[in-house]
Amino acid sequence: MNIVACVKQVPDTEALIKVKPDGSGIEEGGIKWVMNPYDEFGVEEALKLKEKLGGEVTVVSVGPARTMETIRTALAMGAEKGIHIDDPALYNADAYTTANALAAAIKEIPYDIIFCGQRAIDGDMGQVGSILAELLDIPQCTIVTKLDVGDGKATAVKPIEGAQLVLETSLPCVITAQKGLNEPRYASLPGIMKAKKKPVDVKNAAALGISVEPKAKIEKMTPPPARPPGKIIEGEDPAAKAAEVIRLLREEAKVI
Amino acid sequence: MSKGVWIVAEQRDGALRKVSFELASAARKLADELGDEVGAVLLGAGVEGLAPELGKYGVDKVYVADDAVFAQYTTDAYAAAVAKVVKENDPAILLLAASVLGKDLSSRLVGKLATGMASDCVELKIEGGKLIAKRPMYAGKTFGEVSVSGSPQMAQLRPNVFPANENAKAGEVVKFDAGVSAADIKAKVAEVQQDTSGKVDLTEAEIIVSGGRGMKGPENYNIIEELADVLGATVGASRAAVDAGWRPQSDQVGQTGKVVSPNLYIACGISGAIQHLAGMSSSKYIVAVNKDPDAPIFAKADYGIVDDLFKIVPELTTAAKKIM
Ligand SMILES: Cc1cc2nc3c(=O)[nH]c(=O)nc-3n(C[C@H](O)[C@H](O)[C@H](O)COP(=O)(O)OP(=O)(O)OC[C@H]3O[C@@H](n4cnc5c(N)ncnc54)[C@H](O)[C@@H]3O)c2cc1C
Ligand SMILES: Nc1ncnc2c1ncn2[C@@H]1O[C@H](COP(=O)(O)O)[C@@H](O)[C@H]1O
């Protein structure tokens, strides 16, 4: 099996996000960068699949030089090779342009199944996996919590509001990983040593022959709307405090 | 020139979902500003009769493909059909729901239409004739205002955020031939496993009562469930409670769980870690019950009670019973 896992480097979930004074983006200084948590599920599933059916896992990432660390992390977890698409025109690119870059790189290699995260926790877009599937003209199963692959097809469980769908698709396909799919492994020390010698191809947009003209643009970033300070209900008697909250919810907030 | 504000209405089992009315109302508002029409794409089997309901919320024309192939949502059939009718009619703006299926469909459409989309938006406006969509990024730590240069300008709207306003328009049915057959569906639905709890899904719930690590164990969630029952609420959980195996994954609220925006969110024994806040801080009202006065959840809460949840939650149930 030729398995591809797309990984994005994102700020650690604890990171303090500060908007640049001109609102053009975030301050990157002091941020700890990690693999997108949903991509960890994707890489793990890719590795499990390889261990079951044999084959190779290639990780692909678009991002600046620091992204190499995240590629190495995936290699240390057990992936065989990496492709690093590094081009300033693609840093913070919109979903279509990113997917287009990934598609161009993936078209050059054999693939039977492609994993993405269901969403990258920086831009929180949740688009790239589906756009990639469309650009490669292959089916998609998104936000997947369980996967079975065999006999040239994949069976995926996708929770929706009030139900679960069991999807069946031919290969190749794109799977976007949701929490619950698996428990990602940690890289072992020998894994980390080996990863240093694994091959990573570095490419830019020109080498991929893609357009970098954005389809969507962040005009401005703003801090989240401030919430008015809340009220702490004081007192000793639990029943009185509870009754007061219920009263406020009915009379002031009017939500019950 | 592209013209018209369109939505893709979401229906399931022959009934429009509430978010479809939110989409219609939001589209109507934009269209009125632009002096334009609202169009809705409606796909399904036996759904033509739903068009007047969309008309009630401001839709001028409902583009219907009524066919057995659309009885069940599939990415392949739905995306092909919407892409076709959109290409034929060239709307300027296309809005979809940021629901599970809406996310799947809209993202695939971004690929098919080679355009851009603002995901999971909470505010829309028109500036210089163009759509500007406001959306949380970095788990709500910042907000971004997005413009789309591709066509149509696409945006997903977060359910429960935009009001559904009645504003009667014609809701005229325009049938179109989607040109899709069963053979086009590569990813098929083999089975639908209905959730039999009868509870509203977290992402659609108007009231949520959530329990975290402070619940101490799965056996104690009965007090959360009793309060939820009285309020007509859905039960949620923090990741700590889910990872401990006390609650199913589908209950998790937060950055790696569900993003919810109910009218009321009651957090019990939840500290308010940044990753939890990421999933619920756009709730209209937040109540926190926590025995630690310094718990970060209180910074987000409209009403807070600093006390033992095992004393407070049953009293909330009692007090709510009296008025509900
Ligand atoms: C990559 C990543 C993703 C994450 N995603 C999520 C996510 O999606 N959702 C999520 O929730 N978390 C997520 N987390 C975890 C998050 O960091 C916190 O660990 C988690 O939210 C804590 O859950 P909690 O508030 O229930 O537990 P705790 O932080 O342990 O808080 C328990 C609270 O209960 C209170 N308490 C205890 N006993 C009582 C009592 N008797 N009465 C009243 N109060 C009491 C305590 O004072 C405390 O504040 C993520 C973490 C990471 C690293
Ligand atoms: N720059 C990138 N490099 C590699 N993969 C990416 C990149 N951006 C997004 N992806 C993949 O697409 C998924 C969804 O991303 P997004 O649409 O940005 O939320 C991520 O979880 C990754 O698997």
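Cut-offs and rules
Each residue is numbered by its place in its chain's sequence as written, counting from 1. Chain letters and ligand numbers both follow the written order, the letters beginning at A and the numbers at 1. Owing to the predicted nature of the model, reporting of local features is limited to residues with pLDDT of at least 70; listing and counting of side-chain atom pairs is limited to 80 or more, with chain, interface and lining totals taken over all residues. By convention in this description, side-chain values take in all heavy atoms of the structure and omit both hydrogens and water. To qualify as a helix, a DSSP run of H or I must reach at least 4 residues; to qualify as a strand, a run of E must reach at least 2; elements of each kind are numbered from the N terminus. Only C-alpha atoms enter the radius of gyration, while the globule expectation follows 2.2 Å times N to the 0.38, with N the number of residues. Relative accessibility thresholds used throughout: buried, under 20% of the residue-type maximum; exposed, over 50%; partly exposed, between the two (1.4 Å probe, protein chains only). Contacts: residue pairs with any heavy atoms within 4.5 Å of one another. For the area figures, the Shrake-Rupley method with a 1.4 Å probe applies, and any residue is considered shielded solely by the protein chains shown. A quick way to say it: buried area is the sum, across both parts, of accessible area lost when two parts are put together, with a 1.4 Å probe. By definition here, a salt bridge exists when the distance from a side-chain nitrogen of Lys or Arg to a carboxyl oxygen of Asp or Glu is within 4 Å. Polar contact is defined as a pair of N or O atoms within 3.5 Å, subject to the rule that within protein one atom must be able to donate a hydrogen and the other to accept it, and that residues adjacent in sequence are counted only when both atoms are side-chain atoms. Under this grouping Gly is polar, as are all residues other than the nonpolar Ala, Val, Leu, Ile, Met, Phe, Trp, Tyr, Cys and Pro and the charged Asp, Glu, Lys and Arg. DSSP-based pairing: two strands are paired if at least 2 bridges between them are found. Only protein atoms enter the 1 Å grid used here, on which a cavity is any set of points holding a 1.4 Å probe that cannot leave and a pocket is any open set flanked by protein within 12 Å on both sides along at least five of seven lines; residues with an atom within 4 Å of a point are listed as lining. Grid points are joined across faces, edges and corners, and a volume is the space filled by probe spheres set on the points. pLDDT: the predictor's confidence for each residue, scored from 0 to 100. Axes here mean lines fitted to C-alpha atoms, for a helix over just the part in contact, with angles spanning 0 to 180 degrees between N-to-C directions. Geometric relationships in this document are graded by angle, where less than 35 degrees denotes roughly parallel, more than 145 denotes roughly antiparallel, 65 to 115 denotes roughly perpendicular, and other angles denote oblique. For a crossing to be left-handed, the near helix must be turned anticlockwise from the far one by less than a right angle; the clockwise case is right-handed. Domain start and end points were adopted from an automatic or database domain assignment. Nonpolar core, defined: a set of buried Ala, Val, Leu, Ile, Met, Phe, Trp, Tyr and Cys residues in which side-chain atoms within 4.5 Å join the residues together. A molecule or strand has a residue near it when one of that residue's heavy atoms lies within 4 Å.

> Where do I start with the overall build of chain B in this structure?
For chain B, the count of helices and strands is nine helices and 18 strands. For chain B, the C-alpha radius of gyration of 21 Å lies close to 20 Å, the compact-globule estimate for 324 residues. Across its three principal directions, the C-alpha atoms of chain B cover 60 × 45 × 35 Å. Across the 324 residues that make up chain B, the buried fraction comes to 62%. Considering only residue pairs separated by 6 or more positions, chain B has 64% of its internal contacts joining residues 24 or more positions apart. Accessible surface, chain B as shown: approximately 11700 Å² in total, 50% of it carbon and sulfur.

> Teacher, can you tell me more about the interface of chain B and chain A here?
As a measure of interface size, the accessible area lost when the parts come together is often cited. With 88 residues of chain B in contact, the opposing surface of chain A contributes 76 residues. For the pairing of chain B and chain A, the buried interface totals around 7000 Å² over both sides, and the portion due to carbon and sulfur atoms is 55%. When the buried area of chain B at its contact with chain A is split by residue, B:Arg108, B:Tyr138 and B:Tyr303 rank highest and sum to 11% of it. Taken together, the connections running from chain B to chain A amount to six salt bridges. For the salt bridge of B:Arg12 with A:Glu161, the shortest nitrogen-to-oxygen distance reads 3.1 Å. At the surface where chain B touches chain A, the tally comes to 51 residue pairs in polar contact (both at pLDDT 80 or more). Broken down by class, the residue content of the side of chain B that touches chain A amounts to 37 nonpolar, 27 polar and 24 charged. Of the strand pairs in this sheet, strand S13 (residues 216-222) of chain A and strand S10 (residues 142-148) of chain B are connected by six bridges, and their pairing is antiparallel.

> Just checking my understanding: could you explain empty space enclosed by the protein for this structure?
Here the idea is plain: a probe the size of a water molecule rolls over the atoms and shows the empty space left. Applying the stated criterion across every chain, the model contains three cavities of 30 Å³ or more. The space that makes up the largest cavity amounts to roughly 80 Å³. The wall of the largest cavity is formed by A:Gln140, A:Cys141, A:Thr142, A:Lys158, A:Leu165, A:Leu167, B:Tyr73, B:Thr74, B:Thr75, B:Asp104, B:Ala187 and B:Val189. Counting residues per element, the lining of the largest cavity draws most heavily on strand S7 (residues 140-144) of chain A, which supplies three residues. Class assignment for the residues of the lining of the largest cavity results in six nonpolar, four polar and two charged. A volume near 50 Å³ is recorded for the second largest cavity. If you go around the second largest cavity, the residues you meet are A:Pro11, A:Asp12, A:Thr13, A:Ile17, A:Ile121, A:Asp122, B:Tyr138, B:Lys141 and B:Gln255. Along the lines of polarity and charge, the residues of the lining of the second largest cavity split into four nonpolar, two polar and three charged.

> Quick question: what am I supposed to make of the confidence of the model for chain A here?
Do not read the fine detail of predicted coordinates wherever pLDDT is low. Looking at chain A, the pLDDT average stands at 96 and 100% of residues meet or exceed 70. Averaged pLDDT values over the elements of chain A bottom out at 95 in S13(A) and peak at 99 in strand S1 (residues 2-6) of chain A.

> Is there a simple way to think about the packing of helix H4 (residues 128-135) of chain A against helix H4 (residues 100-113) of chain B in this case?
Geometrically, a packed helix pair is captured by the angle between its two axes and the distance between the axes. Between H4(A) and H4(B), whose axes approach to 7 Å, the crossing angle comes to 45°. With respect to H4(B), the axis of H4(A) lies oblique. For the crossing formed where H4(A) meets H4(B), the hand is right-handed. Packed against H4(A), whose contacting residues are A:Ser130, A:Ile131, A:Ala133, A:Glu134 and A:Leu135, the element H4(B) presents B:Asp104, B:Ser107, B:Arg108, B:Val110, B:Gly111 and B:Lys112 at the interface. Residue classes in the contact of H4(A) with H4(B) are distributed as four nonpolar, three polar and four charged.

> Just checking my understanding: could you explain the domain arrangement of chain A for this structure?
Domain annotation for chain A reports domain 1 (2-208) and domain 2 (226-256). Using C-alpha coordinates to define each centre, domain 1 of chain A is positioned 44 Å away from domain 2 of chain A.

> Help me understand the nonpolar core, please; the structure alone is not making it clear to me.
Side chains that are nonpolar tend, in soluble globular proteins, to be buried together. Of all hydrophobic cores here, the largest spans 100 residues; its most connected members are A:Leu132, A:Leu147, B:Phe70 and B:Leu109. Here A:Leu132 is in contact with A:Cys6, A:Ala99, A:Leu102, A:Ala103, A:Ile106, A:Ile114 and A:Cys116, once residues within four sequence places are set aside.

> I'm lost on the site of ligand 1 in this one. Help?
Around ligand 1, 27 residues are found, and the nearest of them are B:Arg213, B:Ser238, B:Thr256, B:Ser271 and B:Gln275. With respect to ligand 1, its neighbouring residues span chains A and B. Here an oxygen atom of ligand 1 and a side-chain polar atom of B:Ser238 are 2.6 Å apart. In the complex, 80% of the free accessible area of ligand 1, which totals 980 Å², lies under the protein chains. For the shell around ligand 1, the elements supplying multiple residues, two or more each, are helix H6 (239-243), helix H7 (274-280) and helix H9 (309-323) of chain B.

> Looking at this structure, how should I read the domain arrangement of chain B?
Residue and element names in this part refer to chain B. Splitting chain B by domain gives domain 1 (5-184) and domain 2 (202-323). Taking the mean C-alpha position of each, domain 1 and domain 2 sit 32 Å from one another. Listed as interface residues are nine residues of domain 1 and, on the opposing side, twelve residues of domain 2. Around 840 Å² of area is buried between domain 1 and domain 2 when both sides are counted, 40% of it from carbon and sulfur atoms. For domain 1, the biggest contributors to the area lost against domain 2 are Ala139, Arg158 and Asn160; these three give 56% of the whole. Counting across the domain 1 and domain 2 interface gives two salt bridges. Here Lys18 ties to Glu206 by a salt bridge, and the two come within 3.5 Å at their closest N and O atoms.

> Is there a simple way to explain the site of ligand 2 in this structure?
Residue and element names in this part refer to chain A. Taken together, 18 residues sit near ligand 2, with Asp39, Ala120, Gly126, Gln127 and Val128 positioned nearest. Separating an oxygen atom of ligand 2 from a backbone N or O atom of Cys6 is a distance of 3.0 Å. In this structure, Val7 approaches ligand 2 through a main-chain N or O atom, which is 3.4 Å from a nitrogen atom. Relative to its unbound accessible surface of 480 Å², ligand 2 loses 98% to contact with the protein. Those elements that place two or more of their residues in the shell around ligand 2 are strand S4 (56-62), helix H3 (95-107) and strand S6 (113-117). The residue makeup of the shell around ligand 2, split by class, is nine nonpolar, six polar and three charged.

> Looking at this model, I keep getting lost on the sheet that holds S13(A). Mind explaining?
Across a sheet, paired strands are connected by hydrogen bonds in the backbone, their directions being either parallel or antiparallel. Across the sheet, four strands lie side by side as S13(A)-S10(B)-S9(B)-S8(B); this open sheet has antiparallel pairing. The strands lining the two open edges of the sheet, one partner per strand, are S13 of chain A together with strand S8 (123-127) of chain B. On average, adjacent strands in this sheet sit at an angle of 30° to one another, irrespective of strand direction. Bridge count for strand S9 (residues 130-137) of chain B against S10(B) is five bridges, and the pairing is antiparallel. The partner of B:Met137 across the bridge, within S10(B), is B:Thr142.

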